[in-house]
Each structure stands twice: as C-alpha cells, then as structure tokens.
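Chains, contacts and geometry: an overview
Chain residues, written in single-letter form:
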Amino acid sequence: MIFRRDLSLRWKIPLRVMGAVLGTAIAVTAALVVWEYDEMRQNLEGHAKSLGRVLSNTLVAPVLHDDIWRSYEIIQSARETYPAAPELQAEIVLVTDSDYRVFVSSRPREFPIGASPAMRGGAYAELRAGLSGSDPVAQRVLEPADSPLYFVMTPLVADGVALGHVILGYSKVSFVPRFVGLVKRAALVTLLVLLLIVPVSWIWAARTGAPLLQLAEAMRRLPGELESSSLADLPYSRDEIGQLSEAFRRLVGELKQKQELEGQMLVSERLAAVGRLTAGIAHEINNPLGGMLTAINTYRRHGNGDPLATQTMSLLERGLTQIKHTVAALLVETKMQDRSFAAQDIDDLLTLVESEAHARNVTVRADVRLDEALPLPATLIRQIILNLLLNAIDAAEQGGRVELLATLDNQRLKLAVKNDGLHVPQDRMDTLFEPFSTTREQGHGLGLWIVYQIVRQLNGELSVASEPGFTTFDIEIPYDQPA
Amino acid sequence: MRIGLTPVFLDDQVGFLGQWRAWLEKKLGRSVVFVQRGSYREIVDLLRSGKIDFAWLCGYPYIRHRREFGLVAVPLWRGQPLYQSYLIVPAGDLRTHSLADLRGKIFAYSDPDSNSGFLYPQFLLTSQGENPATFFSRSFFTWAHRKVVEAVGIGLADGGAVDGYVWETLSEVRPDLTRATRIIDRSSQFGHPPFVARGDIPNGELKRFQSVLLGMADDPEGSELLGRLRLDGFAAGQPTLFDGIAKMAERVSGRMMRK
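The structure displayed is predicted, hence computed values, not measured ones.

Cut-offs applied
- Residues numbered from 1 in each chain as written.
- Chains lettered and ligands numbered in written order.
- Predicted model: local features only at pLDDT ≥ 70, side-chain atom pairs only at ≥ 80, totals over all residues.
- Helix = DSSP H or I, 4+ residues; strand = E, 2+ residues; numbered from the N terminus.
- Buried ≥ 20, exposed ≤ 12 C-beta atoms within 10 Å, placed from the backbone.
- Contact = placed C-beta atoms within 7 Å.
- Arc of directions from axis to C-beta.
- Pairing = 2+ DSSP bridges.
- Axes fitted to C-alpha atoms, helices over the stretch in contact; angles between N-to-C directions.
- pLDDT = per-residue confidence, 0-100.

Take the environment of Leu24 of chain B next. Residue and element names in this part refer to chain B. Within the secondary structure layout, Leu24 lies in helix H1 (residues 14–28). Overall, Leu24 belongs to the buried group, with 21 C-beta atoms counted inside 10 Å. Measuring from C-alpha to C-alpha, the distance between Leu24 and Leu213 comes to 8.8 Å, with 189 residues separating the pair along the chain. Not counting the four nearest positions on each side in its chain, Leu24 is found in contact with Val32 and Val212.

Written out as structure tokens, the structure is:
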C-alpha cells in the first residue's frame, strides 16, 4: 500500500493505464465468454431439439417395425461430425422403449439392446426420473450436475402414444476449446493493445508528470536554495498545474522579498547600533579631549619654554587633534546651521574631483536638474556627493566613466552615482556601510559610513545595486517646501 | 433389359456397377438397367411379376421358385460354384465357440430370404433341437451381408450369419470391418447365389445373356470386372446344385409346421 502510494507518477500513470486496459479486456472477454456460452447453449439446444424431433419422427416406423439395424443407421447418420462446430456432435444417441430399455444406441457395447440405461447409474438413472414428466409428448432438457453430458430427450410419439424416447447426449466439455480459443484471441488482442498503449501512456505520463515533477523538485529545494529553484522551467499554462506553478512562483517571490526585507532590517539595525555606540564613545572622548587641548594651549601661552616640554606638547597636540578629527568624522553633526544646497555646489564638487579623475583617466559626467536652492544643509549634501564620487572614480576601470544624476521628484532630492569597473560583491553588501570596513589600502573606511549617517539623519533612503561592471548608489532625501 | 440385383455380392459399389452395366450393354447390344431393392423378396416379386428379366438371387429363394425361374449361370468362386455361410461374433468375444453359446443373445440375420444369412443358422438351431424363434433374446435383419458384419463388429449384435463369399471379399476391400469380427462356424458348401431368369423369358434372350456371362472370364474387360467381384467366372450350373439348400429349407419349414 505504502509502496503503491509512494510510487512516482512516471510509473503510476502507465501502470494505471495498463490496469485499465487489462480490466477492460478481462471484463469484455468475460462478457463475451458468457455471451458465447449462452449463444452456443441456445444453438446447441435448438439444434438438439430439432434433431431430436427429426429423429423421433424418422424412427417411429423402424421402431414400430422392430427394425433395429435401420434405427441404428438413422441414429448413426445423426451423429455426423460438423468440423466447424464440434460441440454440435452428439456424444451419444439412445433410443429407449416405453419401459426405458435400450431399443438401439449409438454405443451398443455400453448400452446393449434390451438393457436399461439406468444400469450405468449416475446421470442415466436420473434420466429415467426425468421421463416421467407431466407432459408425455414434450421435449426435455436435462443437465445432471455430476455428468459430463447434458441431455435432450424427445418422445417417440405414434398416434398420441409415447413408444419411447430419443435421448441425445452432448458433451459439456466440448464448449471448453471454443472458450479457450476465445480467451486466447482476447489475450492476444489485449497484448497487442498493450504493446501499443504502453509507449503511448509512457509518453503521456512523461508529459503529464514532467511539470509536476519539476514543481515537486523546485519545492523540495525551496527553503535552502531559494535562488536556484529554477522558476523559469515551471510550466506556464491555465490548467491546474499551471495555476499551481503560478502560485508557487508568487510564493517564492514573496519569500524572496521577505528575505530581502529581513536582510535590510538586519543591516540597518546593526548600523543603528554601531551609530549609537560610536556616538556614545565620541561624546565620552570629546569631553576630556577638549580639556586636554585647552590644557596644552594654556601651557603654550604661559609655560617656561622648556624645549623638550614644548616638543612633547606639540606631539600630544597633533595626536589629540587627529583623535578629534576621527571622532568628528564618526560623529556626524547635522544640527549646525548651514546654507541651502544648490546646483552651484555640484559644479564645485566636479572641479574638486577633476584631478583625481584625470589621474585615473576616468570621465565624469553630470546630469543635474536643479533649478533653485533646496532647504537642505549644503555641507552635508556636498559631503555625500563627494564621498560617492571619489569611491566611484576609484572603482571605475581605466578609461571608464562615472555618472552623477541629480533630480527632484515629489519633494525629494534624488541622487544617483554610477560607475563601471569593480562592483560590490554580494558578501560585502551587508557590511558595506559599517565604519572601518574598507577593502582598500588607503583611506580610513569611513566614507560610506558618513554617507549613511548623513542620509539617515536627514531621513533619506539609500540603496545599492551592483553587478559585475556596473554599480549604482541611489539616494533620496526629502526636504521641506521652501517657506 | 432389366436385371435385379440383391446383396449376395457387394452391391453398394456404384462405380463398379456402372462399368459392369456399360460392359453388358456393349456385349448384349441393348440397354441394361440394374434394379436394386431393400430386400430379396422385393426382387423376387419383381421377377415373378415379370417386371424384371433376370436377377442375381440367393439359392434359397431360387429353390423355392425353382419351377418358375430359369437358371442362367452360377458364379465360380475359388474355382467352384460353391460358397459357405459363416457364423461370426465380435472379435473381442473369445468365449463364444459355437452357435449354442449364443443362447439368449442378440443375433443379426441378413435377410429372411437369404440362405447363408438366415436359413443356415435356422437349420443349425433346428437340427440341434432348438426353437429358432426363442433361442435368441432378440434378432434383427440388416438386409445386407455387409451390414451383418458391421452390426456384429460394433457390438450391436452378439452374433450374426453372413455369406462367406461376401465376408472374404470384404476382408480384402474393407479389412477394418471384417477384422472386428471372428468366425466361429463355417457351414458345408452350398450352391453359390445364381443368376436366374423370369419363367416366361424367350429362350433366345436367356441363352444370349447366359453366353455373355459364361464368356465374361475370357474377355479382358470382363475378367477385370470379375476380378473386382473376386470371382473366377460363371458356369451354366445345374438346379441340383441347390439340393442342399432345399433339404435345409424342408427341414426348417417342417419343423415350423410341427410347431
């Protein structure tokens, strides 16, 4: 049972088709055999009855004249063979007198003249009982259960008086060869049909099963190998399988979206945590740092001018200043008062990066569609664009190109920086915006961190699309309508 | 010319009869018709009423109508105008050795007007002091010697009386039939069934037919036809040849009278 349920459709469909063919063949053959049996029985009965009538009419005179040899010749001629229908040949013909004694028989040795057939026992004894029926001139068909023969008895009637009976015995077994032939023919036809049907059903099964098998295979790989579940191979049709495939595609799409969303959330949460941490540390460092730098300043102004001390102080001051810059970079401050961002700023930036671009032989193209100044802090936006442009120029291939796109759309500033050349590999994406996560040899790895911090603090959105030979950073920052 | 035939020979060979008829027509220079009937009596009646001219009859009806019929010729079988009656039983029956062993059994006669197939066994029983009418439980006629052989062979009858010439001929033509029977008694020699003529036949016609029959053995085609009949030829024969049959008939009918 389990095995049958677990069987692949690839096998199930041909097996079921064969089963259906076999079942049909068996049912049809059985019906035919039954029909044939009925037909033969009716034929035989009709034949035997008419033969019985002819014999009884013909035998009246010889029996009345006690002409045994003539009677024998008559019943012998009635036992002629029919090659086309061997079952129509009577196995035995008995002519009995009114006392159920043999007048003549087709087998004189077994049924000698004058003996009672009942002496042979079995069916022949039963026949005697059958003779004493209600209607003395009616034909009777007797089928004794324990006998291989069945009998048709016709009374020999002369002038309304029964002289005796003509008993025709037919073999029941003679049907068997006909049935065997019939069953053999049916088996042969079934076999031929099966030979024809098996490849057809095999192809049919493959056609029907293939999409299901694909679907099953895709589903089997679903949780782990979402990317590789080959959705393209799934069937596109309007039948149930097509609907199933469509639903599955939708499911996979939603799953993917969810996964991406979860990934993004994870990244932004981590970045937020890092941001809080760095801000905390930066504040803690900034407080004593200010004091230390003030102390060094005081010493310079009022100290005794000891050269060693002065040198040491200057060393300390340089170190502390570097710390201050680093902390300042980590701690992006947006609250300061700033002028508005305008198209002029982008021109400045392009001038700034020109030498860098020239050094790497990279073409920088800008498409700026800003008509007026925007209520956004110019320093911070400049910082974003500068960092992204420098990254792009650095990543672009020799003689490659970098594009900057700046547009306004629905109260949002849209910035896009594209470059060819190196792309961001998938495994780097998650930590791309984290501080100190650079793969380059120069630079402190704070560029994108700063971009991210600024965009977040300005309530903007940031996304990266990167494929081999092509990388785009998209930024959207909302701004208020100028008052 | 109409010639009556009886089953004193194997008269069921239709092809042979056609050839014989054609040969006789050629020799006699006139048309010949063979007349066959179901029993000897019918042929005898036809001959007595003049509806046929000649007949090949058994010796028994001949001697009964000896004064009416003219003797034409007697066949020569194994060189002599004589034959025997055989009593036969089924080949499988090894216990029966004589007619006396068949008491209460079923017996097949060929024809009530046959010497070998009826008169001889009747005579044998009578001479043994038995009543032929009650000796057998049942008896029946097959109306032909060949059919007696068949009836005994298949066991329809427990015994039968048959023309010895027919049995011997059949043993060559259809050995399967005779092999199913066994001979338990051979009678003494009797005159072979003769050709006879109706009483009022013109003498010239009788002589002409007689000479054709007597010359049959010397004619190449005729001797070939005789070979098919397993006969050597025909002899003129004397009515005294049938005295043996006449004596038996007297004895049997005498007994019948006394009964």
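Let's shift gears to the interface of chain B and chain A. Listed by partner, the interface residues are 11 residues for chain B and 8 residues for chain A. Among the elements of the structure, strand S8 (138–141) and helix H6 (145–154) of chain B are those that each provide at least two residues to the side of chain B that touches chain A.

Residues and elements named next belong to chain B. Those residues of helix H2 (residues 40–48) that sit buried are Tyr40, Ile43, Val44 and Leu47. Projected down its long axis, H2 carries its buried residues within an arc of 100°, all on one side. Buried-residue contacts for H2 involve strand S1 (2–5), strand S3 (54–56) and helix H3 (59–64).

Residues and elements named next belong to chain B. In space, the 5 strands of this open sheet follow the order S8-S7-S9-S6-S10, with mixed pairing throughout. Unpaired on one side and paired on the other, S8 and strand S10 (181–186) mark the two borders of the sheet. Ignoring strand direction, the axes of neighbouring strands in this sheet form an average angle of 25°. Examined bridge by bridge, strand S6 (residues 85–90) and S10 share 5 bridges and lie antiparallel to one another. Across the sheet, the residue bridging to Ile88 is Ile183, located in S10. Of the strands in this sheet, S6, strand S7 (106–109) and strand S9 (159–163) are in contact with helix H4 (residues 115–127), which crosses S9 at around 125°.

Once that is clear, we can look at the confidence of the model for chain A. Of all residues in chain A, 92% have pLDDT values of 70 or greater, and the mean over the chain is 82. Confidence, expressed as mean pLDDT per element, reaches its minimum in chain A at helix H1 (residues 2–6) of chain A with 69 and its maximum at strand S2 (residues 102–105) of chain A with 92.

Quick look at the pairing of strand S9 (residues 401–408) of chain A now. Look at any regular strand and the pattern is simple: side chains alternate between the two faces of the sheet. Residues and elements named next belong to chain A. Here strand S7 (residues 363–368) pairs with S9 via 6 bridges, running parallel. Counterpart to Val364 in the pairing with S9 is Val402. Direction of pairing for S9 relative to strand S10 (residues 412–419): antiparallel, over a ladder of 7 bridges. Each residue of the ladder has a partner; that of Glu403, found in S10, is Lys418. Linking S9 back to S10 in an antiparallel pair, the connection comprises 3 residues, with Asn410 at a positive phi of about 50°.

Residues Ile68, Trp69, Arg70, Ser71, Tyr72, Ile74 and Ile75 of chain A constitute the buried set of helix H3 (residues 68–78) of chain A. Considering only its buried residues, H3 of chain A is in contact with helix H2 (9–64), strand S1 (92–97) and S2 of chain A together with S8 and H6 of chain B.

The phi dihedral of Gln411 of chain A falls on the positive side, at around 65°, and the residue is not glycine. In this structure, Gln411 of chain A sits in the loop between S9 and S10. At Trp143 of chain B, a position not held by glycine, the phi torsion is positive, near 70°. Following the sequence through the fold, Trp143 of chain B ends up in the loop between S8 and H6. According to the C-beta neighbour criterion, Trp143 of chain B is buried, with 22 such atoms within 10 Å.

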